[in-house]
Amino acid sequence: MLSKLGVKLAPIKIVMVNSRLIKRLKASGIHNFPDYINYALSSEGIRTGEQQCMIDELTTHKTEFFRENEQFEFFKNEVLPEFAQNNRSTFKIWSAGCSTGEEAYTITMLLNEFKFSKNGFLYNVEATDVSKAVVEKAIAGIYGGNNLLGLDDKLKKKYFIPFKDDKNDKIQAGNTLKEKIKFTVGNLANINNYPLSMFDVIFCRNTLIYFDDNAKREVVNNLIRKIKLGGYLFVGLSETVSQYSKDIKQMRPSVYKKIG
Ligand SMILES: C[S@@+](CC[C@H](N)C(=O)[O-])C[C@H]1O[C@@H](n2cnc3c(N)ncnc32)[C@H](O)[C@@H]1O
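This one's a predicted model, so the numbers in the text were calculated from it and none came from an experiment. (Residues numbered from 1 in each chain as written. Predicted model: local features only at pLDDT ≥ 70, side-chain atom pairs only at ≥ 80, totals over all residues. Heavy atoms only, no water.)

### Structural notes on helix α7 (residues 132-140)
Within an α-helix, residues lying three or four positions from one another point in the same direction, as the helix has 3.6 residues per turn.
Then, in step 1: Residues of α7 that are buried: Val134, Val135 and Ala138. Axial view of α7: buried residues confined to an arc of 100°, hence all on one face.
Then, in step 2: The inward-facing, buried residues of α7 abut α6 (102-117), β2 (123-129), β3 (142-144) and β6 (181-185).
Then, in step 3: Residue Gly141 follows α7 closely and has a positive phi angle near 65°. (Buried < 20%, exposed > 50% of the residue type's maximum accessible area, 1.4 Å probe, protein only. Helix = DSSP H or I, 4+ residues; strand = E, 2+ residues; numbered from the N terminus. Arc of directions from axis to C-beta. Contact = heavy atoms within 4.5 Å.)

### A look at the nonpolar core
Then, in step 1: Ranked by internal contacts, the top residues of the largest apolar core, which has 40 residues, are Phe75, Phe91, Leu111 and Phe160.
Then, in step 2: Looking at this core element by element, the count peaks at seven residues for α6.
Then, in step 3: If near-sequence neighbours (up to four positions away) are discounted, Phe75 is found in contact with Leu80, Pro81, Phe91, Ile93, Ile107, Leu110, Leu111, Val201, Phe203 and Phe234. (Core = buried A, V, L, I, M, F, W, Y, C linked by side-chain atoms within 4.5 Å.)

### Section: the sheet that holds β3
Hydrogen bonds along the backbone pair up the strands of a sheet, which may run parallel or antiparallel.
Then, in step 1: Within the open sheet, the three strands sit side by side as β3-β5-β4. Their pairing is antiparallel. Strands at the two margins of the open sheet, each flanked by one partner only, are β3 and β4 (160-163). Along the sheet, successive strands turn relative to each other by an average axial angle of 40°, direction set aside.
Then, in step 2: Direction of pairing for β3 relative to strand β5 (residues 170-173): antiparallel, over a ladder of three bridges. Following the sheet pairing, Tyr143 is matched in β5 by Ile171. (Pairing = 2+ DSSP bridges. Axes fitted to C-alpha atoms, helices over the stretch in contact; angles between N-to-C directions.)

### Points about the site of the ligand
Then, in step 1: Every one of the 20 residues lining the ligand counts as a neighbour, but Thr63, Asp129, Asn187, Leu188 and Asn206 are closest to it.
Then, in step 2: At 2.8 Å from a nitrogen atom of the ligand is found a side-chain nitrogen or oxygen belonging to Asn187.
Then, in step 3: With the chains in place, 98% of the 600 Å² that the ligand exposes on its own is no longer accessible.
Then, in step 4: For the shell around the ligand, the per-class residue count stands at four nonpolar, 11 polar and five charged. (Near = heavy atom within 4 Å. Polar contact = N/O pair within 3.5 Å; in protein donor to acceptor, adjacent residues only side chain to side chain. Areas by Shrake-Rupley, 256 points an atom, 1.4 Å probe, with all protein chains shown as cover. Nonpolar A, V, L, I, M, F, W, Y, C, P; charged D, E, K, R; others polar.)

### Some points on the pattern of salt bridges
Then, in step 1: Under the definition given, this model contains 14 salt bridges.
Then, in step 2: We note a salt bridge from Glu103 to Arg205, for which the minimum N-O separation is 2.8 Å. Separated by 102 residues along the polypeptide, Glu103 in helix α6 and Arg205 in the loop between β7 (199-204) and α10 (213-225) bring together distant segments of the chain.
Then, in step 3: One salt bridge connects Asp165 with Lys170, and the closest N-O pair in it is separated by 3.4 Å.
Then, in step 4: A residue is classified by how much of its surface remains accessible, and Lys170, at 30% relative accessible area, is partly exposed.
Then, in step 5: Each member of the salt-bridge network shares a partner with another, and the members are Glu68, Glu103 and Arg205. (Salt bridge = Lys/Arg side-chain N within 4 Å of Asp/Glu carboxyl O.)

### Thoughts on unusual backbone geometry
Negative phi characterises most residues that are not glycine, and trans characterises most peptide bonds.
Then, in step 1: The phi dihedral of Phe66 falls on the positive side, at around 55°, and the residue is not glycine.
Then, in step 2: Tracing the chain through its elements places Phe66 in the loop between α4 (50-58) and α5 (69-86).
Then, in step 3: Overall, Phe66 belongs to the buried group, its relative accessible area being 16%.
Then, in step 4: At Ser99, a position not held by glycine, the phi torsion is positive, near 50°.
Then, in step 5: By the element assignment, Ser99 lies in the loop between β1 (91-96) and α6.
Then, in step 6: Taking relative accessible area as the criterion, Ser99 reaches 6% and is therefore assigned buried.

### Digging into the sheet that holds β6
Then, in step 1: Within the open sheet, the seven strands sit side by side as β6-β2-β1-β7-β8-β10-β9. Their pairing is mixed. One side of each edge strand has no neighbouring strand; the edge strands of this open sheet are β6 and β9 (248-252). Going across the sheet, the axis of each strand differs from the next one's by a mean of 20°, ignoring polarity.
Then, in step 2: Bridging between β1 and β7 involves three bridges; their strand directions are parallel. By the bridge assignment for β7, Ser95 is matched with Phe203.
Then, in step 3: Against the sheet, α7 touches β2 and β6, its axis set at about 160° to β6.

Structure, rendered in structure tokens:
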């Protein structure tokens, strides 16, 4: 049933699904899982927002600034100079499965820093997630506490402003970052419905875990179709995707170049 949403969970995840959805069953006064899922997927479930509540419960949103930083080092030291040497067009990048935005903001800080060393370098960033709740947080760009561990003080001062609330312990992404990123809700299972163009680089990290093997193959191939020849796909450090396509070549652990 969940496959209608593109959520094709491996059998091992069913226990996790049940424990996460139980509170939604209680909140909506429905007594069994099939009835609840049918309701959440119905037009009434979309209208009342239950479908989004269900998606939020089923997805894990863990993320952080500069997560798996060796990939960002490769991006900064190899990918960006390679692009700048060979191209004059706008560099386009997609954070697919962006969660609360830390990945997209990290990428945008790196692109903006790179811009200082390369006159005329233009870029834009798209970021999408299936969960409306996290996309709203990403757009707000307000972070505090442990969320900020990966962010060094220099970048914090340069790209964030203090966020005024009761505690004054949070910061908010400033306009330099916000103006560059377009955050939207989107399901990777329906990429072909996205109004997205072709990309030089796609980051789709720690997001493919939600799909079973067949669905993963389909999503990976759809992502590859959205990458320009010579462009890159970054997946999470614990993920491998070379088995799904002959059109990519592994350059590093979890970094692939489109070759066909
Ligand atoms: C663990 S977070 C990873 C965030 C970030 N990419 C990172 O590596 O830090 C995974 C994100 O994938 C999103 N996600 C799960 N299934 C998705 C789908 N079918 N389409 C789009 N996003 C999805 C979840 O909502 C969640 O925010």
